[in-house]
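Geometric and topological summary
The chain contents come next:
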Amino acid sequence: MSKLIIFSAPSGSGKSTIVNYLLQQNLNMHFSISATCRPPRGSEQHGVEYFFLSAEEFRQRIAAGDFLEYEEVYPGRFYGTLKEQVERQLNEGQNVVFDIDVVGGCRIKEYYGDRALSLFIQPPSVDELRRRLVARGTDTPEMIEGRIAKAEYELSFAPRFDKIIVNDNLECAQREALQAIKDFLSR
Ligand code: 5GP
């Protein structure tokens, strides 16, 4: 039976690198396709990167209870996971992968229970996270402090996940995540 694998982490934890590595391991893992009311960027296509809904359509689908979870990520910009889409991907035999915030990750885990594995990718420490964000060079000092405050909040969710993977060494973290997923998929 196809399953769900949820990844959540504070930003700067190296989650995307780990998730992209795992997607290349022939485990039939495919990203869940979310819905959003932001307009498409560049070559993005409806039904590929996202389902692009109008704000009105998005509101109607919230009211109809169509979302497993949704969030206003930026003011007026909603993003969410459609139950129907997850079911469609599962029915097609895909193992569905979520790269999602801690709250959304916990919701999906609650809904799917043992059919889902929730992994929390944890940076080694807040100081190390700060060093990585500085080294990345994409944020102003104020933005970095904002991200750190958010990370501290997000870190408080770690115990709710099935497994915490501390990313102090990328190769070790990748190996550990791969093993956990192989064990889970073979159960
Ligand atoms: P972007 O507009 O750059 O594609 O995504 C912006 C943000 O929306 C990212 O932080 C991403 O994690 C978040 N996001 C994308 N899809 C979903 C979703 O289905 N649920 C939630 N809660 N957040 C999402």
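This text follows the structure it describes.
Reference entry: report on the structure contained in this document. Each chain carries its own residue numbering, running from 1 in the direction its sequence is written. Thresholds applied to this predicted model are a pLDDT of at least 70 for local features of residues and 80 or more for the giving and counting of side-chain atom pairs; totals over whole chains, interfaces and linings are not thresholded and use all residues. Hydrogens and water are ignored here; the side-chain numbers use all heavy atoms of the structure.

Structural notes on the site of the ligand
- Whether a residue is near a molecule or strand depends on its heavy atoms: if one lies within 4 Å, it is near. Neighbouring the ligand are the residues Ser34, Arg38, Arg41, Tyr50, Glu69, Glu71, Val73, Tyr74, Tyr79, Gly80, Thr81 and Asp101.
- Here a polar contact is taken to be a pair of N or O atoms separated by no more than 3.5 Å, where protein atoms must pair a possible hydrogen donor with a possible acceptor and residues adjacent in sequence count only if both atoms sit in side chains. For the ligand, an oxygen atom lies 3.3 Å from a polar atom in the backbone of glycine 80.
- For the accessible areas, the method is Shrake-Rupley and the probe is 1.4 Å, while residue cover comes only from the protein chains on display. Protein contact buries 75% of the 510 Å² of open area that the ligand shows by itself.
- Breaking the shell around the ligand down by element, the ones donating at least two residues are strand 5 (67–74) and strand 6 (77–82).
- All residues other than Ala, Val, Leu, Ile, Met, Phe, Trp, Tyr, Cys, Pro, Asp, Glu, Lys and Arg, Gly among them, are scored as polar; the first ten of these are nonpolar and the last four charged. For the shell around the ligand, a count of residues per class yields 4 nonpolar, 3 polar and 5 charged. Elements are defined by DSSP. Helices are runs of H or I of four residues or more, strands are runs of E of two residues or more, and each kind is numbered from the N terminus.

A look at the packing of helix 5 (residues 126–136) against helix 6 (residues 141–155)
- Orientation is described by axes fitted as lines to C-alpha atoms, over the contacting stretch for helices, and by angles from 0 to 180 degrees between their N-to-C directions. Contact geometry of helix 5 with helix 6 gives a least axis separation of 10 Å together with a crossing angle of 145°. As for how helix 5 packs across helix 6, the hand of that crossing is right-handed. For the pair formed by helix 5 and helix 6, the contact residues are Val126, Leu129, Arg130, Leu133, Val134 and Arg136 on the first element and Ile144, Glu145, Arg147, Ile148, Ala151, Glu152 and Leu155 on the second.
- For the contact of helix 5 with helix 6, a count of residues per class yields 8 nonpolar, no polar and 5 charged. Helix crossings fall into two classes, left-handed where the near helix is turned counterclockwise from the far one by less than a right angle and right-handed where it is turned clockwise. In this analysis, two residues are considered to be in contact whenever any of their non-hydrogen atoms come within 4.5 Å of each other.

Quick notes on the layout of surface pockets
- Using only the protein atoms, space was sampled on a 1 Å grid; points where a 1.4 Å probe fits but cannot get out form cavities, open sets with protein on both sides within 12 Å along at least five of seven lines form pockets, and lining residues are those with an atom within 4 Å of a point. Grid points are joined across faces, edges and corners, and a volume is the space filled by probe spheres set on the points. Volume-wise, the largest pocket comes out at about 1400 Å³.
- Listing elements by their share of the lining of the largest pocket, those giving two or more residues are helix 1 (15–23), strand 5, strand 6, strand 7 (95–99), helix 4 (102–112) and helix 6.
- In terms of residues, the lining of the largest pocket owes the most to one element, helix 6, which gives 5 residues.
- When its residues are assigned to classes, the lining of the largest pocket shows 16 nonpolar, 10 polar and 12 charged.
- Domain extents, as shown, originate in an automatic or database domain assignment. In terms of domain composition, the lining of the largest pocket takes at least three residues from each of domain 1 (1–28 + 98–187) and domain 2 (32–92).

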